[in-house]
Amino acid sequence: MSILVNKDTKVIVQGFTGKEGTFHAEQCLAYGTKIVGGVTPNKGGQEHLGQPVFNTVKDAVNKTGATVSMIFVPPAFVSDAVMEAADAGIELAVIITEGAPVRDMQEAKAYAVKKDMLTIGPNCPGIITAQECKIGIMPGAVFKKGNVGLISKSGTLTYEGANQVCNEGFGITTAVGIGGDPIIGLSYKQLLPLFEADPETEAIVMIGEIGGDLEIQAATYIKEHITKPVVAFIAGQTAPKGKRMGHAGAIISGSAGTAAEKMAALEAAGVSVVKSPADIGKKVAEVLAKK
Amino acid sequence: MNVHEYQAKEIFAKYGVPVPRGFIAKTVEEAVLNAKKLGGKVWVVKAQIHAGGRGLGGGVKVATSLEKVEEFAKEILGMTLVTHQTGPEGKLVQKVYIEEGADIAEELYLGVVLDRAKEMPVIMASTEGGMAIEDVAAKTPEKIIKVAVDPSIGFKGFHGRELAFGLGLPKEQIGKFVKFASALYEVYMENDAEMIEINPLVKTGAGDFIALDGKMGFDDSALGRHPEIEAMRDLSEEDPDEREAGEYGLSYIALDGEIGCMVNGAGLAMGTMDTINYMGGTPANFLDVGGQANAQTVAKGFEIILKNPNVKAIFVNIFGGIVRCDRIANGILEATKLVDVHVPVVVRLDGTNAPEAAEILKNAGIANVIAATDLGDGAKKAVAAAKGEL
């Protein structure tokens, strides 16, 4: 078992024939992901990486039955691509592209929600169900099958965390890189219940960062609803205070979003919080041994 | 990206947000000339730097004669202004804004920012203008009125009334305030602003509203569609090393510790700093080499890190995904040829092409390079190396 995606998930790629889209789609295919086609306007009817290319997401969905889209289009076109996917009935859009304007994402996310389409990202490594389905840019070899779910804002810390878990002799069910932009799709709070319900997941690793209050919301949720052990790390304990001009952002969330604040909230919710990411693997081994 | 007060006010004026008249000056002569151009009897001389708290630091002065304008301009131009937002090193003032005096009856606060939880812009207003808004939020949060605006419907009259009545304004001023807030929302949306702050927003003796101050920050990702805002960038307000790093696709922030860090990914970079700290060392910088790292960018990274005289060791921590470790290894070799790497370099390379990278470094046999097996091991060795124990 796993969450959201597995070996049978049919995936299309938006921005299929571009440089990034091509490179990573190839890697995903090699990993075993069922990429059944792609979308590049004006290139419909061609074949790319042995898969059909369509002009529109609607065509791609109708012809292939895909339910998930991996988005690699350039930043200025991301919101259009996301809304096209939502309109075509895609169930989950994984947005890899970095640098999409916040206002665009705000509009796209609102439309996705209206159309009941889940989103992951933008500016994230994607999602991987170990040894079944990789939708994103993570180094696939790091993720061995196992019993630990992972949610992370940071790309490279996702790899670091997964690698340590695997080196301790455990493995990953599904790992989700949610991204750290101001507007993101699925967050800890929506993913935690999926891992809680997944019978194969026995422990959850949660990697956060300074800024915003998603980790605080997660802590509240964990306290009330999560029975599986959670190991957390918050990056940025030693980060300097931002050189922002205003402080309006921090005031809205009602908290400054510091690492210390987040760590305290998670600890109070019964989460095993590590001070260094180098201890994630060891801590996972420890909490699993207690079970 | 941030802009100066005078630039924010230029943008405000374009959208009909009332601002006092004023002119920017780079010299004392220009400052006096500007005051003459403005006429009147009261002028405000305001230091233009990218930081708040200028008044308390002595960067804002009210002049009641042209002689005083000259005196204050002389005093402020060229001064290093230290405020709670500049850090102890302060910022050099290169421009002053000469503005007409305002008839201040009341000071309010108005700001627009993205509410991440609601995923829409929120307008904040308060009767406690002139104070740091974070203090108001901490002590009297009930004095901040927040109204979220769903961009799919835009700013409506009811949003404005909620703010105006919330501030307790008398009925003849409600309409004026609604118009002001509506114009400010347009400024925020149409320019892809990240935040706008007017503190204070002044109510004049005549009952008009005017933006006495103005701060704006913009979404860097959207600057491509706002060339006129990009043109407002003041490079002298940015750290030269950070800027140079940026030109090579590196993200660099100087800190005050002893261990230089070169990492891929912002999260792992912060995690590496945290680990160094946890092991008893101090990070000298944050450096994210990004996803496109190659020999040239790595060499540049070394050069920037080593400019800092406090650096006693360097920790290269790479978990290769898109970044291939062999490229980083070649970058390290390249760097040792281009730059005098006079401190120990602890290298941890994991992930894509890590074995090839290890081979490259081993064959090169560089004296200063110490191999590490994982993040914890690398941090420990870097801390020891910085203390001269390796």
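Counting of residues starts from 1 at the beginning of each chain's written sequence and follows it residue by residue. The lettering of chains begins at A and the numbering of ligands begins at 1, in the order of writing. Residue-level local features of this predicted model are given only where pLDDT is at least 70; pairs of side-chain atoms are given and counted only at 80 or more, and the full residue set underlies all totals for whole chains, interfaces and linings.

**Student:** Got a minute to help me understand the overall build of chain B in this structure?
**Tutor:** The numbering of helices and of strands both runs from the N terminus, where a helix is a DSSP run of H or I of at least 4 residues and a strand a run of E of at least 2. Regarding its fold elements, chain B presents 13 helices and 18 strands. For chain B, the C-alpha atoms occupy an extent of roughly 80 × 50 × 40 Å along the three principal directions. Buried positions account for 49% of the 390 residues belonging to chain B. Remark: C-beta atoms are placed from the backbone, and a residue is labelled buried if 20 or more other C-beta atoms sit within 10 Å of its own, exposed if 12 or fewer do, or partly exposed between those counts.

**Student:** Is there a simple way to explain the packing of helix 5 (residues 157-166) of chain B against helix 6 (residues 171-190) of chain B in this structure?
**Tutor:** Any two packed helices are characterised by how steeply their axes cross, that is the angle between the axes, and by the distance between the axes. Residue and element names in this part refer to chain B. Only the stretch in contact is used when a helix axis is fitted, and all axes are lines through C-alpha atoms; the angle between N-to-C directions ranges over 0 to 180 degrees. In contact at an axis separation of 9 Å, helix 5 and helix 6 are set at 120° when each is read in the N-to-C sense. Classified by chirality, the crossing of helix 6 by helix 5 is right-handed. Within the contact between the two elements, helix 5 uses Gly157, Gly160, Arg161, Leu163 and Ala164 and helix 6 uses Ile174, Phe177, Val178, Ala181 and Ser182. Polar here means any residue other than Ala, Val, Leu, Ile, Met, Phe, Trp, Tyr, Cys and Pro, which are nonpolar, and Asp, Glu, Lys and Arg, which are charged; Gly is therefore polar. In terms of residue class, the contact of helix 5 with helix 6 is built from 6 nonpolar, 3 polar and 1 charged. Helix crossings get a hand from a simple test, with the near helix turned counterclockwise from the far one by less than a right angle marking a left-handed crossing and a clockwise turn marking a right-handed one. For every residue pair, C-beta atoms are placed from the backbone, and the pair is scored as a contact if these atoms sit within 7 Å.

**Student:** Looking at this structure, how should I read the sheet that holds strand 11 (residues 172-177) of chain A?
**Tutor:** Strand pairing in a sheet takes place through backbone hydrogen bonds and is either antiparallel or parallel in direction. Residues and elements named next belong to chain A. A sheet is described by the order of its strands in space; here 7 strands give the open sequence 9-8-11-10-12-13-14, paired in mixed fashion. With one partner strand each, in any of the chains shown, strand 9 (133-136) and strand 14 (272-273) form the two edges of the open sheet. A strand pair is defined by DSSP finding two or more bridges across the two strands. Taken together, the 2 bridges between strand 13 (residues 230-235) and strand 14 define a ladder with parallel strand orientation. Of the residues in strand 14, the one forming a bridge with valine 231 is serine 272. Where helix 9 (residues 259-268) meets the sheet, it contacts strand 12 (203-209), strand 13 and strand 14, and its direction lies at approximately 170° from that of strand 13.

**Student:** What is the right way to look at the domain arrangement of chain A in this model?
**Tutor:** Often the size quoted for an interface is simply the accessible area lost on bringing the parts together. All names here are of chain A. An automatic or database domain assignment is the source of the domain bounds shown. In terms of domains, chain A is made up of domain 1 (10-120) and domain 2 (138-290). Of note, the centres of domain 1 and domain 2, computed from C-alpha atoms alone, are 27 Å apart. Listed by partner, the interface residues are 9 residues for domain 1 and 8 residues for domain 2. Within the residue set of the side of domain 1 that touches domain 2, elements represented by two or more residues are helix 1 (19-31), helix 4 (102-114) and strand 7 (118-120). A per-element tally of the side of domain 1 that touches domain 2 places helix 4 first, with 4 residues. Residues belonging to the side of domain 1 that touches domain 2 are distributed by class as follows: 5 nonpolar, 3 polar and 1 charged.

**Student:** Sorry if this is basic, but what is going on with the domain arrangement of chain B here?
**Tutor:** On domain assignment, one finds that chain B holds domain 1 (1-20 + 103-238), domain 2 (21-101) and domain 3 (240-386). Each of domain 1 of chain B and domain 3 of chain B has a C-alpha centre, and the two are 42 Å apart.

**Student:** Just checking my understanding: could you explain the environment of threonine 127 of chain B for this structure?
**Tutor:** Residues and elements named next belong to chain B. Relative to the helices and strands, threonine 127 is located in the loop between strand 8 (120-126) and helix 4 (133-139). Each C-alpha atom of the pair threonine 127 and glutamate 67 lies 35 Å from the other, and the pair is 60 residues apart in sequence. Each residue touching threonine 127, except ones within four places of it in the same chain, is listed here: Leu108, Lys143, Leu167 and Gly168.

**Student:** Which parts of the structure should I look at to understand the environment of tyrosine 159 of chain A?
**Tutor:** Here tyrosine 159 of chain A shows up in helix 5 (residues 155-167). Expressed as a C-alpha distance, the spacing of tyrosine 159 of chain A and valine 287 of chain A, which sit 128 residues apart in the sequence, is 20 Å. Excluding residues that lie within four positions of it along the chain, tyrosine 159 of chain A makes contacts with Met138, Pro139 and Val142 of chain A together with Phe319, Gly321 and Gly351 of chain B.

**Student:** Quick question: what am I supposed to make of unusual backbone geometry here?
**Tutor:** As a rule of thumb, non-glycine residues mostly have phi less than zero, and peptide bonds are mostly trans rather than cis. Proline 122 of chain A follows glycine 121 of chain A through a cis peptide bond whose omega is 15°. At the junction of asparagine 199 of chain B and proline 200 of chain B, the peptide bond is cis and its omega measures out at 10° in the coordinates. The residue proline 200 of chain B is located in strand 10 (residues 193-204) in this model. Phi at asparagine 42 of chain A takes a positive value of approximately 75°, unusual for a residue other than glycine. If you trace the backbone, asparagine 42 of chain A turns up in the loop between strand 2 (34-39) and strand 3 (47-48).

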